[in-house]
Amino acid sequence: MKKKLDSNFEKEVREAQLFQNRRQFLSSLSIGIGSVALGALLIPDLFSGKPGSQEEFEKALPHFAPKAKRVIYLFQSGGVSQLESFDHKPRLREMMGQDLPASIRGNQRLTGMTAGQAKFPLVGSYFDFAQYGQSRAWVSSLFPYMAKVVDDLCIIRSMHTDAINHDPAITFFQTGSQQGSRASMGAWLSYGLGSENQNLPGFCVLVSKGKGNGQGVYSKLWTNGFLDSVHQGVQFMGGPDPVLYLNNPEGTDKMSRRKLLDKLAELNSMQYETFGDPEITAKVQQYEMAYRMQTSVPEVTDLSKEPDHIIKMYGSECLVPGTYAANCLLARKLSENGVRFVQLYHQGWDQHGGLPSEMALQAKDVDQASAALITDLKQRGLLDETLVIWGGEFGRTNYCQGGLTVDNYGRDHHPRCFSIWMAGGGIKPGIVYGETDELGYNIVKNPVHVHDFHATILHTLGIDHEKLTYKHLGRRYRLTDVAGNVVKDILA
Amino acid sequence: MTLKNSHFNILLGLNSFIVFFLIFEEKIEVPVFLQVIGRMHPLLLHFPIVLLIISWLIFLFRNRLEKEVPTIKSIINTLFFISSLLTAITVIMGLMLSKEGGFEGSSYDWHKYGGVFLSILSLGLLGYLRFRKNKDYHPVFVVGINITVILLLMVGHFGAALTHGEDFISSPLISKESKALDVENAMVFEDAVLPIFQAKCMGCHNSNKPKGGLILSDSTAILKGGKNGKLFIAGNPMNSLMIERLLLDIENQHRMPPKGKPQLTIDEIALLRAWVKSGGKFNVPLAAFSEQDTLFQSAKSVYGFQGTENYEFAAADEDEIKKLITPYRIIHPLEAGSPALDVNFYGKDFFKSQSLSEILPIAEQVVSLNLSGMPINKEDIQTLGKFKNLGTLNLNNTKLSNENVQSLSAIASLKNISLIGTQVNKSGLEKLAKMPNLRKLYVWNTAVKLDELDAIRKAFPKLRVDAGIKFDEHQKLALTVPKISPARSFFQKEMLLSLSHPVSGVQLRYTLDGSNPDSITASIYKSPIRIQKDARLRVKAIKEGWLPSNEVSQDFYAAFIIPNKVNLESKPNRLYKARKEQSFFDLESGGNNHADGKWLGFQGNDLSASMFFDTPIKLNFLALSIKQEYNQHIYPPQYIEVWGGTDTSNMKLLNKVTVDLEKADKMRKKRMVTFNLPDLKVSVIRLKTKHYAKIPEGFAGTGNPPWLFVDEIVLK
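Bear in mind that the values here come from a model prediction, so they are computed numbers and not experimental data. (Residues numbered from 1 in each chain as written. Chains lettered and ligands numbered in written order. Predicted model: local features only at pLDDT ≥ 70, side-chain atom pairs only at ≥ 80, totals over all residues.)

## Focus: the overall build of chain B
Part 1: Per the secondary structure count, chain B includes 19 helices and 24 strands.
Part 2: Looking at chain B residue by residue over its 716 residues, the buried ones come to 35%.
Part 3: For chain B, the share of sequence-separated contacts (at least 6 apart) that also reach a separation of at least 24 residues comes to 67%. (Helix = DSSP H or I, 4+ residues; strand = E, 2+ residues; numbered from the N terminus. Buried ≥ 20, exposed ≤ 12 C-beta atoms within 10 Å, placed from the backbone. Contact = placed C-beta atoms within 7 Å.)

## Quick look at the interface of chain B and chain A
Part 1: At the junction of the two partners, chain B supplies 39 residues and chain A supplies 47 residues.
Part 2: Breaking the side of chain B that touches chain A down by element, the ones donating at least two residues are helix H14 (294-303), helix H15 (318-324) and strand E1 (329-333) of chain B.
Part 3: If you tally residues by element for the side of chain B that touches chain A, the top one is E1 of chain B, at three residues.

## What to know about the packing of helix H1 (residues 5-23) of chain B against helix H6 (residues 72-98) of chain B
Residues and elements named next belong to chain B.
Part 1: At a minimum axis distance of 10 Å, the contact between H1 and H6 shows a crossing angle of 20°. As far as their axial angle goes, H6 and H1 are roughly parallel. In terms of crossing hand, the pair formed by H1 and H6 is left-handed. Facing His7, Ile10, Leu11, Leu14, Asn15, Phe17, Ile18 and Phe21 of H1, the residues of H6 in contact are Phe81, Ser84, Leu85, Ala88, Ile89, Val91, Ile92 and Leu95.
Part 2: Grouping the constituent residues of the contact of H1 with H6 by class yields 13 nonpolar, three polar and no charged. (Axes fitted to C-alpha atoms, helices over the stretch in contact; angles between N-to-C directions. Parallel < 35°, antiparallel > 145°, perpendicular 65-115°, else oblique. Left-handed = near helix turned anticlockwise from the far one by under 90°. Nonpolar A, V, L, I, M, F, W, Y, C, P; charged D, E, K, R; others polar.)

## Remarks on the confidence of the model for chain A
Residue and element names in this part refer to chain A.
Part 1: Averaged over every residue, the pLDDT of chain A is 85; residues scoring 70 or more account for 88%.
Part 2: Across residues 1-5 the pLDDT falls below 50, and counting only partners more than four positions away or on other chains, this stretch makes zero contacts in the model.
Part 3: In this model, residues 16-56 is a region of pLDDT below 50 whose contacts with residues beyond four sequence positions or in other chains number 69 contacts. (pLDDT = per-residue confidence, 0-100.)

## Structural notes on the UniProt feature "transmembrane region" (unreviewed entry) in chain B
All names here are of chain B.
Part 1: In this numbering, the UniProt entry assigns the feature "transmembrane region" (unreviewed entry) to residues 7-24, 44-62, 74-98, 110-129 and 141-162.
Part 2: The span residues 44-62 shows a helical share of 89% and a strand share of 0%, and its end C-alpha atoms are spaced 28 Å apart.
Part 3: In residues 74-98, helix accounts for 100% and strand for 0%; the two terminal C-alpha atoms are 36 Å from one another. (UniProt positions renumbered as here; feature names shortened; annotations may be inferred.)

## Looking at the sheet that holds strand E16 (residues 565-568) of chain B
Residues and elements named next belong to chain B.
Part 1: Spatially, five strands are ordered E16-E18-E23-E20-E21 in an open sheet, and the strand pairing comes out antiparallel. Unpaired on one side and paired on the other, E16 and strand E21 (650-658) mark the two borders of the sheet. Shown here is a sheet whose adjacent strand axes are inclined to one another by a mean of 20°, direction ignored.
Part 2: Where strand E20 (residues 639-647) meets strand E23 (residues 681-690), seven bridges bridge the pair, whose relative direction is antiparallel. The residue bridging Val642 from the neighbouring strand is Leu687, located in E23. (Pairing = 2+ DSSP bridges.)

## So, unusual backbone geometry
Across the chain, the bulk of peptide bonds are trans and the bulk of non-glycine residues have phi less than zero.
Part 1: Here the bond from Met256 of chain B into Pro257 of chain B is cis, since omega is -15°, no more than 30 degrees from zero.
Part 2: Summarising the element assignment, Pro257 of chain B is placed in the loop between helix H12 (241-247) and helix H13 (266-277).
Part 3: Here the amide bond leading from Ser485 of chain B into Pro486 of chain B is cis, since omega sits at 0°, within 30 degrees of zero.
Part 4: Within the element layout of this structure, Pro486 of chain B appears in the loop between strand E8 (483-485) and strand E9 (490-491).
Part 5: A positive phi angle, close to 55°, is found at Arg136 of chain A, a residue other than glycine.
Part 6: For Arg136 of chain A, the position within the fold is in the loop between strand E2 (129-132) and strand E3 (137-140).

## With respect to the environment of Gly101 of chain B
Residue and element names in this part refer to chain B.
Part 1: The topology assignment puts Gly101 in the loop between H6 and helix H7 (106-131).
Part 2: Among the residues examined, Gly101 registers 8 C-beta atoms within 10 Å and is labelled exposed.
Part 3: The sequence separation of Gly101 and Lys211 amounts to 110 residues, and the corresponding C-alpha distance is 8.7 Å.

## Details of helix H10 (residues 188-200) of chain B
All names here are of chain B.
Part 1: Along its 13 residues, H10 runs 17 Å from first to last C-alpha, staying within 8% of the 18 Å computed at 1.5 Å per residue.
Part 2: Remark: the principal bend of H10, roughly 35°, maps to Leu194, with a proline, Pro195, within the next four residues.
Part 3: Within the span of H10, buried status applies to Val188, Ala192, Val193, Leu194 and Ile196.
Part 4: The elements touched by buried residues of H10 are H13 and H14. (Expected span 1.5 Å × (residues − 1). Bend = angle between axes of the 7 residues up to and from the residue.)

## Describing helix H12 (residues 355-379) of chain A
All names here are of chain A.
Part 1: Over its 25 residues, H12 runs 35 Å from end to end, which matches the ideal 36 Å to within 8%, given 1.5 Å per residue.
Part 2: Approximately 30° is the largest bend angle found in H12, and it occurs at Ala363.
Part 3: Positive backbone phi, at 75°, marks Gly381, one or two positions downstream of H12.

## Looking at the packing of H7 of chain B against helix H8 (residues 139-164) of chain B
Residues and elements named next belong to chain B.
Part 1: It is at 9 Å that the axes of H7 and H8 come closest, and there the two elements cross at 155°. Looking at the two axes, H7 sits roughly antiparallel to H8. Crossing geometry of H7 relative to H8 is assigned as left-handed.
Part 2: Here the residues of the contact of H7 with H8 are counted per class, giving 17 nonpolar, eight polar and no charged.

## A look at the sheet that holds strand E22 (residues 670-676) of chain B
Strand pairing in a sheet is mediated by backbone hydrogen bonds. Such pairs are either parallel or antiparallel.
Residues and elements named next belong to chain B.
Part 1: Taken in spatial order, the four strands of this open sheet run E17-E24-E19-E22, and their pairing is antiparallel. Sheet topology places strand E17 (600-603) and E22 at the edges, where each strand pairs with a single neighbour. Looking at each pair of strands side by side, their axes are set apart by 35° on average, direction ignored.
Part 2: Here four bridges tie E17 to strand E24 (residues 707-715), and the two strands are oriented antiparallel to one another. Paired with Leu600 across the two strands is Val710, which belongs to E24.

Written as structure tokens, this is what we have:
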């Protein structure tokens, strides 16, 4: 009996070692790739005797001199209407109530929410547009603060996506695939470039909710997917405990926590030597990171020392934890402290009905703080090296969903064209890129697909999107899958 | 080989044809098939060059070679004949090629007549070889063959100048320095426009080869234009010949550069367009344009300004770098393979006195250093002086004082300095501004005053000083709304309400009687408010220098009576069960989210609940707290009935309330539907709702069955 157990155990160990040869080799490439630094995190000699290719991968990144070091992505979840924000279509007002010509709609599939509509009455923006700045870009009256910083923005009016519903569309934007299980953009960057500041996660997530109709956002959007779990996004909450389970349990002080971690690391390294499972080292790294975060997080999340004029700039809501404004201010602080990728989500942009009233509330939530973030980064000299992105997962239809009255209408999801903006690191300021037809249904010039968008972002960070790969399930994966072109025209 | 008459005659014939061709050049038309042969000129010409040089080399060493190869003279004859023959054929081809047109200028003339002369000279030398009496070579022949080789090299050189441009060979030596523009000193024409002409246009439009009469090498010639007129109309790119030609379809015969030649990039065309639009001037500095200007932007795209620096120092030892990295001191190369390093410090509690000096072994390689927020001292600032290649320095929010600034100005290589939140003032700034390479200085939130900056900006026009936005002190913004806690609206005997606001120094004005919380008569919040009866709390935040916040209000209900038993007769939706019947009297309010476990949701069936009392009781008031959110199809019921009696089999209708539908834009998210009950003792009451079968016309979700959400029942 004992003999049998022994031989079983032996077999297990042998299999684990075989497993190690293949998977662990790849995994050791991922740990600390692009950052010479991460090695220092590891327990000494944990990787002794491992293939030297890790070095080669490290040396290869970034592929060229990056313009941007960090990204702040202000994701407007729900699908902001381009027709009430940045894509000015006066013709729609003139044709108010007229049916959308079938020739323009083409073979565009519709959502179940409007597919049954007998008519597709065009509806113009309830809000007036005006031109601003040197770039003379059109901005609607909903975004007076953004209008003031328009010369720092690159407005892309020709975004398009494959998905037509929220979950696949957001997942597509975040991970490059409509189905889940791939790594999200922040995780890819953490994998490719490592963390700048080893005392904070390389990928932080901040969620806020507006007053408009919207859907939830789920942690699958900031998943590490097939990448090592160290690259997963860490959510910062509003409230007294911004990162859950970070503080020591009651009765444990810093010294005993340190001792505990050291002993635990010893045990883990023994376990690692036996089984070679890379998740064990990932776990050790996470413990160490969490330990250091006990000091760094309170320092970063403390907004009480921000001067009064900063509070005024972001709006006094920025002191209310969990609001969009507070998250913008926190995003600036995280970014300033070297967090590679700060992902914000603001929910509530899904205006199927009651668009004029709901969108006004949503815009009020985000306008001042988004513009303040640009101004604040700029005056700190950080905008040059920080890429800020603002936009949703798709646009909204040029025709009305449901009843159409002078001051009330709704718009359905529209994947064929929508507007976003980027600002800062590596992107030309003060330009408007791409064009849609006069009814705002199809793109007529310079289309930018989601894959192109990803390729461009990676480019500004010094990464060739075709070279940042990870082998999983027998093939190499990229954020841009097998597509994507860098939009050179918008690069500074 | 012995040269025969026939050899000489062939050559004589070919050379006669050449002379004939030259004389009647103007009148000769070259047929198309011969043009093809003409175009092989650049291909064939390499043969006579090589052969002639070989025969010359053999000729030079003939005496030494003759001992081993007795037939050396015959070999010289053969080689010389073949090379003369090929020379003549090459010249004929060249003449045919020249008939295609497009070749003008001095290089062309030198090449053409030099080539003809070379062929005739070869003929003469061959004649000497054929007809000489003496076995030795006459000194005139020796001179002649040397002249031939020299002539050959000259002709070859002029030919190369025609096809590749004047400075083709020497150009790598001439323009060795990096392409990137120096933003401050670059001139628009000389440094941005002319290089495009040189690279993409002047192969054909130079003074030697002015195709179409156009020369692009200098301002006078450019303004003159070509045979089709002026090159551009200043300020009007879309009507300018040059821009038109650049934008024509690639297949169009007027397209420039023509198909097959190196094309201009989009950015280069954009640059030329922007230059024409700006007036096409020749002596304007790039710095005269704003950063947003298309000209500036496209110049940046074409040439690049930053990041293209070549670092000449050697890379530091990798192991050395690794040793210096800690979680609080991160060192990265600027890009893969670059020796230049970027160093960032984090965690002010971990910054020790030796933290900075420890990296001195790699000081040479550090080009960018971030000490933002670190507790650096005087010694550290002196240490900074040892980083001789430092370009970017971030000292934001450090204790840098004016006295320390002097040590910074010793780092001549510094280009960008960030001093946000430091004690630096005007005099410190002036010291820094004098630094030779400094381009950007960030001084927001320092002791430097905005009006002091103007003088510095004027004195140092190359330096960009960013002092942040000018915040208008008088601009008033609205305060955010105050927060009321607890969030629940129901209490049994009494309740303590507290108010809070994130901005310090705010005054909170409130009323409890439903009146407007103005800034004069309304109570000022100091400590938690105790309420013992129904109340409507209305609050506003007020602070000097700010606009008052929007009002927030919350209703509070005293639920004095709790039944002994509650029975829920209808089934709530399985997703929104809350705590079933217990939810009605738990004093908990539902929140904004109807799925928070505090709301009971019904769809398709009506709500029916009975409340039992052990001892008969007199009730005069009942209220039902419901949610309204039309977009989510959450509506009030059509009407509500309250029945009561001594037991469930003995009940009568006490009251019935028809609930109006509030307009979508006036909709309250929470609503209390209230009943007054007749003066009657009851042991049981039953509440029944009747829903709309379908959402009425004109409301969100028309035609669908509505939802009802209830969180509490209040009895008095």
